[in-house]
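# Close look at the chain arrangement
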Amino acid sequence: MFKILKKEELGPGMILMEIEAPYVAKSVEPGQFVIVRVDEKGERIPLTIADFDREFGKITIVFQEIGKTTHLLNSKKEGESIVDVVGPLGNKTEIESFGKVVCIGGGIGVAPIFPIVRKLKSKGNEVISIVGYRSKSYVFWEEKMKRESSNLLIATNDGTYGEKGFVTDILKKVLSSNSDIRRVFTIGPVVMMKAVSDLTRDRKIKTIASLNSLMVCGMGMCGACRVMVGGETKFTCADGPDFDAHVVDFDSLAKRLAVYKEEEKVSFDNWKESEKV
Amino acid sequence: MSINKIQTRMKEQLPEERRKNFSEVPLGYTKEEALIEASRCLQCLTRPCINGCPVQINIPGFIKAIKEENFEIAIEIIHESDLLPAVTGRVCPQEEQCQVVCIMGKAGEPVGIGRLERFIADWDLERRKKGEVRLPKKAEPRGKKIAVIGSGPAGLSCAVDLIKMGYEVTMFEAFHTSGGVLTYGIPEFRLPKAIVNEEIAFLDKLGVKRIFDYLVGRTSTIEELFKSGFSAIFIGSGAGLPQFMHIPGENLGGIYSANEFLTRVNLMKAYKFPDYDTPIKHGKRVAVIGGGNVAMDSARTALRLGAEHVYLIYRRSREEMPARLEEVIHAEEEGIEFLLLTNPVRYIGNENGLVQQVECLKMKLGEGDVSGRRRPIPIEGSEFKIDIDQAIVAVGTNPNPIIALTTKGLKTGRHGEIWADENGQTSVPGVFAGGDIVTGAATVITAMGAGRNAAKSIERYIKGELT
Ligand SMILES: Cc1cc2nc3c(=O)[nH]c(=O)nc-3n(C[C@H](O)[C@H](O)[C@H](O)COP(=O)(O)OP(=O)(O)OC[C@H]3O[C@@H](n4cnc5c(N)ncnc54)[C@H](O)[C@@H]3O)c2cc1C
Ligand SMILES: Cc1cc2nc3c(=O)[nH]c(=O)nc-3n(C[C@H](O)[C@H](O)[C@H](O)COP(=O)(O)OP(=O)(O)OC[C@H]3O[C@@H](n4cnc5c(N)ncnc54)[C@H](O)[C@@H]3O)c2cc1C
Ligand code: SF4
Ligand code: SF4
Ligand code: FES
């Protein structure tokens, strides 16, 4: 059992949890994730480790309430436990002294990009961070991000905070005023990562996307998470989750994410019914 | 009294019944049936059956004990060599192992060795459930800690032997429950999970410490395990990496590896969705690719989830199928449609990326290859398409590479299998390995044998007798 040490609402349906998971905390590196199962009948879902404290043996996850499992997770209170937290899974993000880099987080994706930004900075990189949210009430970790970035640029879709528009609108400007960007890191919705990748491809700036395929095992034994990268089948959990965005087939990724739409609806409707009772 | 030429039949659920449920298919022998079958054994002086068994169970010995109704002695004899007889009695490919060499098979059917093994193991489990069994004696504590990685048949049997020898044993498992393939792979209708759980409860009673959600290689490395105080390590991490055919369309929605399909159903209980949260597609027209046990299990599971047509697509002929004969017969009886000498070449999907058709080629058999099996050759121009809404790929697995990739100096073979010598010792001192991770996908009984062999070697290593 894994105890929830702290719980905090970061914005509408955006939850932060600190979880006691000493083994995971001990070896995690930025870019890695855990697979979580809330209770005995629960599904296994992947969540990126957004922060960690090796000394106190705890990790931080930040998640968006989407369907049954994320709602179920949010129904757990501080002090309660969840049955499984496996990890750290996946490969750590490759971080060196690149020079000037751009990190782009969209929505809930801001949380997992944070430890990457922090480590990039500690390796002496100049980090321009671009974060995008739906609206002002969704903005979180602004201070944290600002602290670790050389420059933090914020976009909201409705213009209620920062610049109006998408992260890619800001990225376009950043790319045209900086010719020395060595690498781009991006985590967020598939459409966003695809758009980012389209912008950097022509300029030949190596771009790393952290993919969010559906998963079951998280350790390379089921193939649920397979994606096409450079014409080859890769397992996101074992070969990734970071891949060269320029050769990822984002369209097939998006289609595979939608495979269980009907079942997810059934599951969620059941959940809402049971909540009413 | 003349001896029956044929094996005493075991009662089974009827095909039209069982294809709708997940309960076990063969129902076991009654005592009377077991006694009749036991009396068919000739107690041959040459005992060829013993050498047919990978762990060399004293088969005539335990059968004689059954015949004399000394059931306690019978189970003791089996336990000397086989710690999981309730499992092996059900899933061993007996027709290629102990039974193929049985003298009785020369002029009729061989003795039902597996069935008798199952009978006596089930008798023992009943006894255990009632608390009528004393735990085996453990040797004096040795003050040494051993780590066992993986809780499949290899890990389970290694752990049991080591704890009996007096070691402190900690078992690390990546999933949330023990059993390996016995739990996530082989379906309930072939191996009831209650049996597996009973065997595992035994482990707990003996005092094996079990840690779950711990993926060695990621959660910590082998090197770190040594640093945390283990004197030796056994790796029994299995062959869990599914192979695909790398043909067009294989990543469409609705196409699963057998591992994913069976894990969703068995481990995550997707057949009880939405009571359980993990979903699975209930295909109506399902193609299963492959001809081994894994393919049979997938096909029969798909049927039980409500499929109207399940096509088993295999590129060789029925004779070459590697599956246990009993499973092939069961599958046929249940209405699985075999498309033999057929090979898929691509999948076709709809605009939402869901599979709709599989295109296949007809094959013919050519010359024998190195394995002695005749090689399938495509027949040009024989393409045809089948409408499907689900496909399950069961064309084999490779060892999971995570441990090998994260352990310095660990020698591996061509397919990523960990190299080990006849003692189960790997190229890294103090690290032993056995089961599917060493041999590639094999059988429960060979994995178990390897686990026990490694336990013996670990004892010698600790004593300084192995270098
Ligand atoms: C490596 C990895 C890291 C992730 N990290 C985070 C994280 O830090 N925070 C976070 O909030 N989410 C993260 N996700 C996504 C998260 O796993 C899903 O949101 C979650 O599984 C949804 O479960 P559910 O039962 O609530 O919704 P479901 O009912 O399963 O899904 C509802 C809808 O959400 C979408 N969805 C489902 N699964 C995913 C997924 N894996 N990725 C994207 N969309 C999905 C689907 O389109 C689906 O229709 C990560 C995914 C991966 C693969
Ligand atoms: C569907 C199916 C049907 C089969 N049918 C039969 C049959 O009828 N008869 C027969 O004899 N054989 C059958 N087999 C084969 C048989 O099950 C295997 O040969 C046997 O289980 C191998 O045992 P093992 O202990 O080596 O590995 P496994 O049973 O694979 O167990 C390995 C365990 O290690 C865990 N693990 C892996 N990596 C790590 C890690 N890094 N850290 C921690 N834990 C880890 C896994 O989660 C797993 O629990 C079948 C296999 C399958 C898949
Ligand atoms: S373990 Fe398997 S091969 Fe050995 S006697 Fe039993 S059924 Fe036969
Ligand atoms: S070969 Fe057959 S008949 Fe002979 S001892 Fe073995 S089981 Fe009995
Ligand atoms: S989630 Fe199972 S292989 Fe990646």
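Read on for an overview of the structure. Bear in mind the structure is a predicted one, so any value in this text is a computation, not a measurement.

## What to know about helix α9 (residues 261–276) of chain A
All names here are of chain A.
- Between its terminal C-alpha atoms α9 stretches 23 Å, which fits the 22 Å expected from 16 residues at 1.5 Å a residue.
- Looking at α9, one finds that the buried residues are Glu-263, Ser-267, Phe-268 and Trp-271. The arc that holds the buried residues of α9, viewed along the axis, is 130°, so those residues lie on one side. Facing away from the buried side of α9 by over 90 degrees, the exposed positions are Lys-261, Glu-262, Lys-265 and Lys-276.
- Tucked into the core, α9 has its buried residues touching α2 (68–74).

## Description of the packing of aromatic side chains
- Scanning the entire structure with this criterion turns up 15 aromatic pairs over all chains.
- Taking the centre distance of 5.8 Å and the plane angle of 75° together, the rings of Tyr-256 of chain B and Phe-261 of chain B count as edge-to-face. Summarising the burial analysis for this pair, Tyr-256 of chain B and Phe-261 of chain B share the class buried.
- Members of the aromatic cluster, joined through ring pairs, are Tyr-23 of chain A together with Phe-172, Tyr-214 and Phe-230 of chain B.
- Against the face of Phe-52 of chain A rests Arg-118 of chain A, its NZ or CZ located 5.7 Å from the ring centre.
- The lysine or arginine in question, Lys-144 of chain A, covers the ring of Trp-141 of chain A, its NZ or CZ lying 4.2 Å from the ring centre.

## Looking at the interface of chain B and chain A
- Each partner contributes residues to the interface: chain B has 43 residues there, and chain A has 43 residues.
- Both sides of the chain B and chain A interface together cover about 3,700 Å² of buried area, and 55% of this is carbon and sulfur.
- Across the chain B-chain A interface, the total number found is three salt bridges.
- Among the salt bridges present, the one from Glu-263 of chain A reaches Lys-281 of chain B, with a minimum N-O distance of 3.1 Å.
- Across the contact surface, chain B and chain A share 20 residue pairs in polar contact (both at pLDDT 80 or more).
- Looking at the side of chain B that touches chain A, the elements with two or more residues in it are β5 (241–242), β6 (255–257) and α12 (258–267) of chain B.
- Counting residues per element, the side of chain B that touches chain A draws most heavily on α12 of chain B, which supplies four residues.

Cut-offs applied
- Residues numbered from 1 in each chain as written.
- Chains lettered and ligands numbered in written order.
- Predicted model: local features only at pLDDT ≥ 70, side-chain atom pairs only at ≥ 80, totals over all residues.
- Heavy atoms only, no water.
- Helix = DSSP H or I, 4+ residues; strand = E, 2+ residues; numbered from the N terminus.
- Expected span 1.5 Å × (residues − 1).
- Buried < 20%, exposed > 50% of the residue type's maximum accessible area, 1.4 Å probe, protein only.
- Arc of directions from axis to C-beta.
- Contact = heavy atoms within 4.5 Å.
- Phe/Tyr/Trp six-rings, centres within 6.5 Å; stacked < 30°, edge-to-face > 60°.
- Lys NZ or Arg CZ within 6 Å of the ring centre and 35° of its normal.
- Buried area = accessible area lost by both parts, 1.4 Å probe.
- Salt bridge = Lys/Arg side-chain N within 4 Å of Asp/Glu carboxyl O.
- Polar contact = N/O pair within 3.5 Å; in protein donor to acceptor, adjacent residues only side chain to side chain.

Any functional reading would require information that these geometric values do not contain.
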